[in-house]
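# Structural overview for review
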Amino acid sequence: MRISPSMSVSASPSALQETVPCALHPERPAVGTCARCGAFCCEAEAIHQGEHLYCEACGHRPEVSYVEELRAKLWGKRDTWAWLMLISAPAHLVFCIGSGLEGMWSWAVLAGVNAVVVTAWFLGVRLARPALLLLPPAWVVGFLLKGREALEVVPLMVPPMALALAAFSSTRSQLFFRLEVEPRRLERLWNARANNPLASRALVCAMVSLVLPVVAPVAVLLGWVALRRVNPEAHPPVGKKLQALEAMGLGVLSLLGWTYVLVRLKLGLPLNPL
Ligand SMILES: [Zn+2]
Ligand SMILES: [Zn+2]
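All values derive from a computational prediction rather than experimental measurement. (Residues numbered from 1 in each chain as written. Chains lettered and ligands numbered in written order. Predicted model: local features only at pLDDT ≥ 70, side-chain atom pairs only at ≥ 80, totals over all residues. Heavy atoms only, no water.)

## A few points about the coordination of the zinc ion (ligand 2)
The textbook angles at a metal center are 109.5 degrees for a tetrahedron of four donors and 90 or 180 degrees for an octahedron of six. Defined as follows: Only nitrogen, oxygen and sulfur atoms qualify as donors, provided they sit within 2.8 Å of the metal or within 3.2 Å for Na, K and Ca; with water excluded from the atoms, sites may seem incomplete. Under this scheme a four-donor centre is tetrahedral when all angles range from 85 to 135 degrees, a four-donor centre is square planar and a six-donor centre octahedral when opposite donors are above 155 degrees with the rest from 65 to 115, and any other centre is irregular. Helix numbering and strand numbering both begin at the N terminus, where a helix is a DSSP run of H or I of at least 4 residues and a strand a DSSP run of E of at least 2. Exposed residues in this analysis have more than 50% of their type's maximum accessible area, buried residues have under 20%, and partly exposed residues fall in between, with area computed by a 1.4 Å probe over protein chains only.
Coordination sphere of the zinc ion (ligand 2), protein contribution only: Cys 22 (SG), His 25 (ND1), Cys 42 (SG) and Glu 45 (OE), at 1.9 to 2.3 Å. Taken together, the four donor atoms coordinating the zinc ion (ligand 2) and their angles of 76 to 122° define a geometry best described as irregular. Sequence spacing among the residues donating to the zinc ion (ligand 2) works out to C-x2-H-x16-C-x2-E. Here Cys 22 is found in the loop between α1 (13-19) and β1 (32-33), whereas its partner Cys 42 is found in the loop between β2 (40-41) and β3 (47-49), with 20 residues between them in sequence. One exposure class covers both Cys 22 and Cys 42, and it is buried.

Next comes the structure, spelled out in structure tokens:
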């Protein structure tokens, strides 16, 4: 059966809002239809993934939500922090044994506790997280009790404290410990790890090319490929257009700059034309 033109209804977004109710909440107007199941959904439950919109049930499905997919993939999996903890364990242990043999018992105990905490971290024991934050202050207290000046030891503990805080607050590490992570932080992690990683690599190459000009063509090429991959309509969306452009621009700039320098050196001219 053919539908005559007079029967068709134009559905502008505003008309949709006014006339169609949400499938779950009839008292609320729908803001659109779910890209997966097609149900009308209201703003309160709509989940926006790039250009797409999903109802609450569909939006939380791992195969739909790329950030939820990332959560499922990294849940309980050891990250770089966990492996760094394991690698540092033997050093703490050697220090612990060495101090013990020399009769420096307080240092031996502190180093021993350190070794236990980093090993527990690697094994995924959640108590290791707050314990790690207590270690640098414990060393400071140890030094103060030995009669060292506060001004002398506190600055020494800034780098380990910064590292401990970085490990403690890392989203990736929290996923390893199976801790709940807000979708917004997960989105940031996804953006850093999985969103057009070639663009980030191109930018790193471009920065290296400023001192090592042979890398410049690689930066331009990678930037070009990354730029061609950009597609905000895709699911998940592929972004980082700016990074790809920056990599290409910086790569070209490096090539031009180094060509200029090399040509002037070859001609025996001063680098400063003025
Ligand atoms: Zn749906
Ligand atoms: Zn609703």
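After that view of the structure, there is still more to cover.
## What to know about the coordination of the zinc ion (ligand 1)
At 2.3 to 2.4 Å from the zinc ion (ligand 1) lie its protein donor atoms, namely Cys 34 (SG), Cys 37 (SG), Cys 55 (SG) and Cys 58 (SG). Metal-centred angles of 101 to 117° between the four donor atoms at the zinc ion (ligand 1) mark the site as tetrahedral. Read from N- to C-terminus, the donor residues coordinating the zinc ion (ligand 1) fall into the pattern C-x2-C-x17-C-x2-C. Using a relative accessible area of 9% as the deciding quantity, one classes Cys 55 as buried.

## Brief notes about the domain arrangement of the protein
We apply this condition: The split of the chain into domains comes from an automatic or database domain assignment. Should any heavy atoms of two residues lie within 4.5 Å, those residues are considered in contact. Reported buried area values correspond to the accessible surface (1.4 Å probe) lost by two parts on association, with both partners' losses combined. What makes a salt bridge here is a side-chain nitrogen of Lys or Arg within 4 Å of a carboxyl oxygen of Asp or Glu, nothing more. Polar contact criterion, stated in full: a pair of N or O atoms within 3.5 Å, where within protein one must be able to donate a hydrogen and the other to accept it, and residues adjacent in sequence count only if both atoms are side-chain atoms. Basically, the charged four are Asp, Glu, Lys and Arg, the nonpolar ten are Ala, Val, Leu, Ile, Met, Phe, Trp, Tyr, Cys and Pro, and anything else, Gly included, counts as polar.
Under the domain assignment, the protein is made up of domain 1 (11-64), domain 2 (80-176) and domain 3 (195-264). The distance between the C-alpha centroids of domain 1 and domain 3 comes to 38 Å. Taken together, the six residues of domain 1 in the interface contact five residues of domain 3. Between domain 1 and domain 3, a total of about 400 Å² is buried, with carbon and sulfur atoms accounting for 49% of that surface. One can count zero salt bridges joining domain 1 with domain 3. Between domain 1 and domain 3 we count zero residue pairs in polar contact (both at pLDDT 80 or more) in total. The residue makeup of the side of domain 1 that touches domain 3, split by class, is two nonpolar, three polar and one charged.

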